[in-house]
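A closer look at the structure
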Amino acid sequence: MAGTITIKNGYVFDPLNEINGEIMDIFIKDGKVVRELSAAEMKDVKVIDASGMTVMPGGVDSHSHVAGAKVNAGRSMRPEDHYKANLQKTSLTHSGSGYTVPSVYKQGYDYAAMGYTTVFEAAIPPLEARHTHEEMRATPLLDMGGYLILGNNFFLMRYLHDGDTEKAAAYVAWMMKTHKSYGIKCVNPAGVENWGWGKNIHSLDEANIHFEITPRETIKGLSEVNELLGMPVPLHLHANNLGHPGCCTITEDSLKILDGVKPRQNMDVEWAETKMDPARKCSVYLAHMMFNSFAGTTWGDCESGVKEIANYINNKDHVVIDSGCTPFGEATVMTGDGPAIQDMYKLTGNKWSNTDVEMEGGSGVIPFTYFKSNPVHSLQWAMGLECLLLINDPWKTIMTTDSPNGGPFTKYPEVMTWIMSEAFRKQTFSECHKWANDRSELGSINRELSLYDLAILTRANPAKTIGMAHRKGSLGVGADGDVTVYNINPQQLDANNYEALLQAFRKAEYTVKGGEIVAVKGEIVSLPEKRTYYSEVHVEDEKEKEMLTDVKEWFRYYTLGFANYPTPEKYLKNPTPIQVNVVR
Ligand SMILES: [Zn+2]
């Protein structure tokens, strides 16, 4: 029976169902978790014996750069990244290459080998949506979706400047359908627009050129639109001034703008059973917090500002962050924040690319290596871990490396082990520059996260935060049959033995996707179908028509015709629209 399996006797960690290491059997039928299988079904069902092992829902990555034009630019400008990491084809799998920016096939296999089954692309420029979907479609195994770059969009800047939230909402709804995307991404609000004039924005109340809208107005307006429409995801924010000493202040002030905003997730979906309320509680998702948390005034006196932002988040309930950790080694920085890339070019002199996607959004790519011997890089390592350890409630944090910005996602096992093992952190401290210790709090933190916490940070919370907990991030009845089995016996877990943890996280014992075993000890053994999620957001026809008059009028400035703008569903693998804002 396809998609039917039993995972027996494992220690189960399923935070959305408040299951913390109980020995349980998981039953999956036709790809979905069920309460039990009948005697007849049990007779010839596939069984995984997970005795003495850790069982979690399949991993969910809510912020990674895995598809689209800038990812591909990263691949083509870095041949050196490709000959270093190769993958041979097998009778089942494609060949592949690439360390920080792997080819589409390799990235699908690499994620699955680590136990991940769901990955969301963090930044889709509207005019590159087709390309993004082509790459998502070609990425094997992973269920995917992506956020649309809208923080510097002509129409939204105009509508929000004029205070026309309803028209802005109609536009966002139409754009989600048109580009088959899932949520609103806001990169360097109002600032990327200024990049068209070779400038940036450095304060929340500075209006940009021509559109005369400020970051504060942009963040507030996009959030209003987001909650008016009842989007699955909170506003996904890459704050202004990212990567600059002192940026922690503007980051905290940006979060304050949305204090008091009531989150409203209006999705028409079937929810899997969970003990906890699976709806999102936050109105803002601060992406890659580490990059937004520098204190100080220059690179000479910079220090961690994580504590300050973490204190704020500890006292509020509207913020969720992902960490953007920087394990040491090679990375490829890629972002919709064009001016930030130019700043990195000025710092490093590395080869770089910088593009404007017909002014709808900017983008840049630059290779980068984080060295243990470098004071700032060492500090960044400490800051990334502080983000996950100084915020007390694990339901406010998500673990990422902002792959491949802080480092490739294949370094997740290191990050998972650092947050679980003080001994591993100490070992790394002993190898890196003293700024890591002197200019951050990390050295004084003895918190070690549990397997339950880890299941929150890598499964339950990313799924809940982005509105995928109706089927991902839990093992409740009705959830997708996505399961990771790690070779870790929680009864014998020893955080001092970090080598064992690293090994277990690098290659999951089993990765199960939709009830099919897809990887065993890191080796891909089957390639079941995947899905692509997007938000089909409903607004009144009249509102859409009115808004489209403006769009069509402006389209004479585009290099393509209006009819060629949308991304048809055929670009998606098993398109799975999520109905949003359905009026009954
Ligand atoms: Zn990112």
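Residues numbered from 1 in each chain as written. Predicted model: local features only at pLDDT ≥ 70, side-chain atom pairs only at ≥ 80, totals over all residues. Heavy atoms only, no water.

Looking at the metal site, the zinc ion is ligated by H63 (NE2), H65 (NE2) and D402 (OD), spaced 2.1 Å from it. Classification of H65 as buried rests on a relative accessible area of 6%. For D402, a relative accessible area of 4% gives the class buried. (Donors = N, O, S within 2.8 Å, 3.2 Å for Na, K, Ca; no water. Buried < 20%, exposed > 50% of the residue type's maximum accessible area, 1.4 Å probe, protein only.)

If you walk across this open sheet you meet the three strands as β18-β20-β19, and the pairing is antiparallel. The open sheet has two free edges, formed respectively by β18 (329-335) and β19 (353-356), since each of these has just one partner strand. In this sheet, adjacent strand axes meet at a mean angle of 15° when their direction is disregarded. As judged from the seven bridges shared by β18 and strand β20 (residues 362-370), these two strands associate in the antiparallel manner. Bridge assignment links G329 to a residue of β20, and that residue is Y370. Packed onto the sheet, helix α2 (residues 69-76) meets β18, β19 and β20 and runs at close to 140° relative to β18. (Pairing = 2+ DSSP bridges. Helix = DSSP H or I, 4+ residues; strand = E, 2+ residues; numbered from the N terminus. Axes fitted to C-alpha atoms, helices over the stretch in contact; angles between N-to-C directions. Contact = heavy atoms within 4.5 Å.)

This next bit is on the state of the cysteines. Simply put, disulfide is the name for a covalent bond between the sulfur atoms of two cysteines. Here the structure, examined in full by the defined rule, presents zero disulfides. In this structure C302 is a free cysteine whose sulfur lies 9.7 Å from that of C247, the closest cysteine sulfur available. Residue classification places C302 among the buried residues on the basis of a relative accessible area of 0%. Between C432, a cysteine without a disulfide, and C325, which holds the nearest cysteine sulfur, the sulfur-to-sulfur distance is 14 Å. (Disulfide = S-S within 2.5 Å.)

Turning to unusual backbone geometry, a few remarks are in order. Residues S403 and P404 are joined by a peptide bond in cis, for which omega reads 0°. A positive phi angle is found at D402, which is not glycine, with a value near 50°. Secondary-structure assignment places D402 in the loop between β21 (397-398) and α14 (412-420).

Relative to the helices and strands, T118 resides in strand β9 (residues 116-124). Leaving out residues up to four positions away in the same chain, T118 has contacts with G59, V60, D61, L142, D143, K472 and D482.

Two faces make up the sheet, and in a regular strand the side chains alternate between them. Where strand β1 (residues 5-14) lies against strand β5 (residues 54-57), two bridges are found, and the strand directions are parallel. In the strand pairing of β5, Y11 is matched with T54. Bridging between β5 and strand β22 (residues 483-486) involves four bridges; their strand directions are antiparallel. Paired with V55 across the two strands is V485, which belongs to β22.

On to the UniProt feature "domain: Amidohydrolase" (unreviewed entry) in the protein chain. Under the UniProt annotation, "domain: Amidohydrolase" (unreviewed entry) lies at residues 46-519. Secondary structure content for residues 46-519 is 35% helix and 19% strand, and the end C-alpha separation is 15 Å. (UniProt positions renumbered as here; feature names shortened; annotations may be inferred.)

Another aspect to go through is the nonpolar core. Across soluble globular proteins, you tend to see nonpolar side chains buried next to one another. In terms of nonpolar packing, the biggest core is built from 149 residues, with Y111, L150, Y171, Y182, M289, I313 and W381 touching the most fellow members. When residues no more than four places from it in sequence are discounted, the contact partners of Y111 are D61, S64, V66, Y116, V119, L142, F409 and Y412. If you look at the next biggest cluster of nonpolar residues, it comprises 18 residues, including V12, V33, A50 and V55. (Core = buried A, V, L, I, M, F, W, Y, C linked by side-chain atoms within 4.5 Å.)

With that out of the way, let us pick up the packing of aromatic side chains. One pass over the structure, following the stated rule, counts 25 aromatic pairs. An angle of 35° between the planes, with centres 5.0 Å apart, marks the rings of F155 and Y171 as tilted. Highlighted residues: F155 in helix α6 (residues 154-161) and Y171 in helix α7 (residues 165-179), separated in sequence by 16 residues. Grouping residues by exposure puts F155 and Y171 together as buried. Seen in terms of ring centroids, W174 and F562 are 5.8 Å apart; in terms of plane orientation they differ by 5°. Their pairing is stacked. Residue W174 is found in helix α7, and its partner F562 is found in the loop between α19 (541-554) and β27 (575-580); the two are separated by 388 residues along the sequence. Given a relative accessible area of 8%, W174 falls into the buried group. Ring pairs connect the aromatic residues F155, Y171, W174, F555, Y558, F562 and Y565, which therefore count as one cluster. (Phe/Tyr/Trp six-rings, centres within 6.5 Å; stacked < 30°, edge-to-face > 60°.)

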